[in-house]
Protein chains: 4
Amino acid sequence: MRMKQWKEKIFDIVSRDDGDNRASRIFDLLIMTLIVLSVVSIVLESFEDLNARYRAVFSAFEAFTVAVFTVEYILRIWTADLLYPGEKHPRLKYIFSFLAIIDLLAILPFYLPFISADMRFLRMVRLLRLFRLFRVFKLGRYVDALQTIVQVIRTSASRLIISVVLCAFVMLFSAIIMYTVENPVQPEQFPNVIASLWWAICTLTTVGYGDVYPVTAVGRFFAALISLVGIGIIAIPTGIIAAGFTTAIDKGSEDTPDDPKPYCPYCGHRIKGD
Amino acid sequence: MRMKQWKEKIFDIVSRDDGDNRASRIFDLLIMTLIVLSVVSIVLESFEDLNARYRAVFSAFEAFTVAVFTVEYILRIWTADLLYPGEKHPRLKYIFSFLAIIDLLAILPFYLPFISADMRFLRMVRLLRLFRLFRVFKLGRYVDALQTIVQVIRTSASRLIISVVLCAFVMLFSAIIMYTVENPVQPEQFPNVIASLWWAICTLTTVGYGDVYPVTAVGRFFAALISLVGIGIIAIPTGIIAAGFTTAIDKGSEDTPDDPKPYCPYCGHRIKGD
Amino acid sequence: MRMKQWKEKIFDIVSRDDGDNRASRIFDLLIMTLIVLSVVSIVLESFEDLNARYRAVFSAFEAFTVAVFTVEYILRIWTADLLYPGEKHPRLKYIFSFLAIIDLLAILPFYLPFISADMRFLRMVRLLRLFRLFRVFKLGRYVDALQTIVQVIRTSASRLIISVVLCAFVMLFSAIIMYTVENPVQPEQFPNVIASLWWAICTLTTVGYGDVYPVTAVGRFFAALISLVGIGIIAIPTGIIAAGFTTAIDKGSEDTPDDPKPYCPYCGHRIKGD
Amino acid sequence: MRMKQWKEKIFDIVSRDDGDNRASRIFDLLIMTLIVLSVVSIVLESFEDLNARYRAVFSAFEAFTVAVFTVEYILRIWTADLLYPGEKHPRLKYIFSFLAIIDLLAILPFYLPFISADMRFLRMVRLLRLFRLFRVFKLGRYVDALQTIVQVIRTSASRLIISVVLCAFVMLFSAIIMYTVENPVQPEQFPNVIASLWWAICTLTTVGYGDVYPVTAVGRFFAALISLVGIGIIAIPTGIIAAGFTTAIDKGSEDTPDDPKPYCPYCGHRIKGD
């Protein structure tokens, strides 16, 4: 009995999103601080002189962070049966949930010596901790906003994929034209189609670093055409996403006022009454 | 009788989009693999050292690809009468359909010695095979998505053309102003209006390579004005396309629930009944 | 009597947009060709060697163009009373109409020796002829498309002006910050606020030539902030214009199907009938 | 009695936005001119030679501007009881209103010797006067336009914040990948993650100065991916804002015609009447 009360208390602190519980809030703040400091430390370690001088500090902080995240991970698995009450295998269900996999990936590499030896890979894995912030952001109205964005992207997915395919076509086509036209004049800037593709992507996304650009008249003519097409290429996904949001917001605002009214908003007839 | 059964079997494999038929699926996968490898081989051939070493491999693969595509093209024409059952000249109709012309263009140049001798032209023609992917993509929901994009562009066509014309006006105007202002100071960067037009397009599309830019005070003043106008120039087609998608999606979602219901969705009166 | 018939014939050729009249069509085509060739000749004249060799040809063509446009201008004034039948001063009204002023500006400078001596000014004035194309474009569905664009911009005018003002604020603010931060380190790139403004405009419009950019840590921090704000700055006018088109298209499509139907589309009641 | 008449007269001149009062108009014009000249003088002072030669003129003008703005500020506080008639502490309420705080910030630093000694800080503070223009712009339809923009941004706030967070994730991730890949090859361009972040922001906002760019094949591959993601990153806030404006305009145009009509706009039945 005492054990169960303890479990419920820990569950309230670790997993509840209510925000009423003060201990839960402090815990959330601690985890958030650790995530942010962990990312800051990745950034700071990249400065050679800082890394040389404070290597011990960075290592100790990393060990502390991993320890806290490991304890949190174990507690979450332990209390998973309170999260999914009716479920048969609540712990297995929790372990394979999206957020739990992120949690595991954020600590696991530290325990695998053959991975933790490779600094470069470890750095990227540690950045995964950023996604743990979503746990903390799962509060109030940000959930709705994030859900709307995800829903809009999901609804528009097939349209967006097609527009990315169209975009890839245009890029490959531009790259091959440009390679054909510019290679004889600038063999160092356009040595092959892959290098030419780098130019095409820089141009169509309108980034335009200026490290590679056409110099022949024919090349410039095609580059101008491709830049103009680039405007359209960018306009299509922007248009799709804008339309998705307009529709999503419209639906949201239509649902609310229509439901509670028993009268036709247009002619005053009682709905289903007559 | 036996011949007809064979024909139907081949038709099912080559032309059906159902996806139930296993042989048809394998065939689709084979064609898709050949298209992708064909494009990859265009890219790889552009690397001088690879081309020198594996020229024989590239040639053999190209011959194989063309052979498969030719057999496919002939089979499709042969079974065209099953595709258009009631038609008088089903084969002619098929040959002049959009997708069949693409198919022909993707193999024909290989059989014309005077074209296949010109490597550069051949390369671009071979890229046309990318469009053959649309055949394979003609499955499931991607058809709807592509149709929506095409429909939106078609509906907005006259608006988009006008905005392109406006854009061309602004570009030519900018180019002439910039040539007038910058030519005396940078005769090498702005030697004539065409070169100045290159600058104008780079600026208005916001690519901005940085190979040509104004250095005089007056030139920079006009360039700043033109950049700001550029935001508007890009905003207009983006706005048109966004509006097109919003309207298209709205219509789509309105059409479905309204049609099958004989009742007013707002007050439950029978429509046209009273 | 005979004079009047002549006048009507000329009016039909010069001013009617019907497109039924064959002579009117040929006349439109002639004017359009002259406009396009006139612009092409501005471009070609800017090539030094072409200008040196064919100066006589360019001058003769310019004289011919101005002569044709002058005759056209006079004929349009002469037939203005047929364009505005009930008007008291039809010719004065025509002379001060927008398109007629453009027409006059496109030929007048040629007759003023003190202007025509200045090649640079003359070049820009001649470009005004491009706007004469609008006369010819005033055909078919392009009128609607252009009207929609103009209407959308006019409806959104006050919103667009405010967003331009906001944009100017942000630019000036960015320029002053950047001047303060970067001037001590790069006095040649950021010598004063005006030069810094050039950088701000290049950055906020995302053109980014790369001729001027911050090098200090503080400068890069502010530049990064300003670039991110730049996304928003561009998003606002794009959003305004997109919303304008969505509303304009919605209105247009609502007006058409509603008018001819005597029944309520929602509940089948006869409109105004009961 | 006489005092009160004076007060009302001054209140009419200083605070009314009616525009009927001629003295009020002249006063508005004077303030606007002073604001604009004040900003122009910030810009001109940054030119070293101008500053050296006309330092006395700039100082005198600054003193005059501050004097006028101080008098205006005092008069506004004095007449605040006419602005908020029923209020208990009208002057305190006015002093802590947004526009009054801006007013104070625009003059206060001049009276604080320890601040006015620091030229750089003073320059930015003086720029705050630009916001005083909003007072003058608070006329006619611009109020509505500004309110619509503010309302749209406020309504979309949570969505915009989430999209900025997503954007920050992508930027940090890109920076860490690019640092890992490019640092061994270009240690001077990518010395640490912060420098790499500068590249990431330049690329994702599509500014692309061209001072830092990847040169390795792997780096270019990731940079290409990131540029493409950049299109989406920009499309999301643009889409959100566009949808916000569409909804805001729709609501605006729906509210007006619906309210005053007691009849169903679709079938003419009296609403709530049956």
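Our subject is the structure listed above.
Summarised in this report is the structure supplied together with it. Remember, predicted model here, so these are calculated numbers, not experimental data.

### Considerations on the overall build of chain A
Right, on to step 1. Within chain A, the secondary structure is distributed over 14 helices and 0 strands.
Right, on to step 2. Overall, chain A shows an N-to-C arrangement of helices and strands of α-α-α-α-α-α-α-α-α-α-α-α-α-α.
Right, on to step 3. When the 274 residues of chain A are sorted by exposure, 47% land in the buried category.
Right, on to step 4. In chain A, of all internal contacts separated by at least 6 residues, the share reaching a separation of at least 24 is 61%.
Right, on to step 5. For chain A, the exposed area adds up to about 14300 Å²; of that, 66% sits on carbon and sulfur atoms.

### Comments concerning the relation of the copies chain C and chain B
Right, on to step 1. Between chain C and chain B, which share one sequence, the superposing operator has a rotation angle of 91° and an axial displacement of 0.0 Å; the RMSD is 0.2 Å. Those values place the two copies in the arrangement expected of a four-fold rotation axis.

### A look at the interface of chain C and chain B
Note: interface size is frequently given as the accessible area lost on complex formation between the parts.
Right, on to step 1. Taken together, the contact between chain C and chain B spans 46 residues of the former and 52 residues of the latter.
Right, on to step 2. Summed over both partners, the interface of chain C with chain B buries about 4500 Å², with 76% contributed by carbon and sulfur atoms.
Right, on to step 3. With a shortest N-O distance of 3.6 Å, D211 of chain C and R220 of chain B are connected by a salt bridge.
Right, on to step 4. Inspection of the chain C/chain B interface yields 4 residue pairs in polar contact (both at pLDDT 80 or more).
Right, on to step 5. Ranked by residue count, the leading element in the side of chain C that touches chain B is helix α14 (residues 217-258) of chain C, at 9 residues.
Right, on to step 6. Among the residues making up the side of chain C that touches chain B, the classes are represented as 32 nonpolar, 9 polar and 5 charged.

### Description of the pattern of salt bridges
All names here are of chain A.
Right, on to step 1. In total, this model carries 20 salt bridges over all chains according to the counting rule given.
Right, on to step 2. The salt bridge partner of E72 is R76, with a shortest N-O separation of 2.7 Å. With a gap of 4 residues between them, E72 and R76 both fall in helix α4 (residues 55-78), about one helical turn apart. Considered together, E72 and R76 belong to a single accessibility category, that of buried residues.

### Points about α4 of chain A
Right, on to step 1. Taking 1.5 Å as the rise per residue, α4 of chain A with 24 residues should run 34 Å; its terminal C-alpha atoms sit 35 Å apart, in good agreement.
Right, on to step 2. For α4 of chain A, the complete set of buried residues consists of F58, F61, E62, T65, V66, V68, F69, T70, E72, Y73, R76 and I77 of chain A.

### Concerning the packing of helix α1 (residues 2-14) of chain B against helix α2 (residues 22-45) of chain B
Residue and element names in this part refer to chain B.
Right, on to step 1. At a minimum axis distance of 7 Å, the contact between α1 and α2 shows a crossing angle of 50°. As judged from the angle between their axes, α1 and α2 are oblique. Residues D12, I13 and V14 of α1 form the contact with α2, whose participating residues are A23, S24 and F27.
Right, on to step 2. Residue composition of the contact of α1 with α2, by class: 4 nonpolar, 1 polar and 1 charged.

Rules used in this analysis
- Residues numbered from 1 in each chain as written.
- Chains lettered and ligands numbered in written order.
- Predicted model: local features only at pLDDT ≥ 70, side-chain atom pairs only at ≥ 80, totals over all residues.
- Heavy atoms only, no water.
- Helix = DSSP H or I, 4+ residues; strand = E, 2+ residues; numbered from the N terminus.
- Buried < 20%, exposed > 50% of the residue type's maximum accessible area, 1.4 Å probe, protein only.
- Contact = heavy atoms within 4.5 Å.
- Areas by Shrake-Rupley, 256 points an atom, 1.4 Å probe, with all protein chains shown as cover.
- Least-squares fit on C-alpha atoms with pLDDT ≥ 70 in both.
- Buried area = accessible area lost by both parts, 1.4 Å probe.
- Salt bridge = Lys/Arg side-chain N within 4 Å of Asp/Glu carboxyl O.
- Polar contact = N/O pair within 3.5 Å; in protein donor to acceptor, adjacent residues only side chain to side chain.
- Nonpolar A, V, L, I, M, F, W, Y, C, P; charged D, E, K, R; others polar.
- Expected span 1.5 Å × (residues − 1).
- Axes fitted to C-alpha atoms, helices over the stretch in contact; angles between N-to-C directions.
- Parallel < 35°, antiparallel > 145°, perpendicular 65-115°, else oblique.

By themselves, these observations are geometric and do not establish any function.
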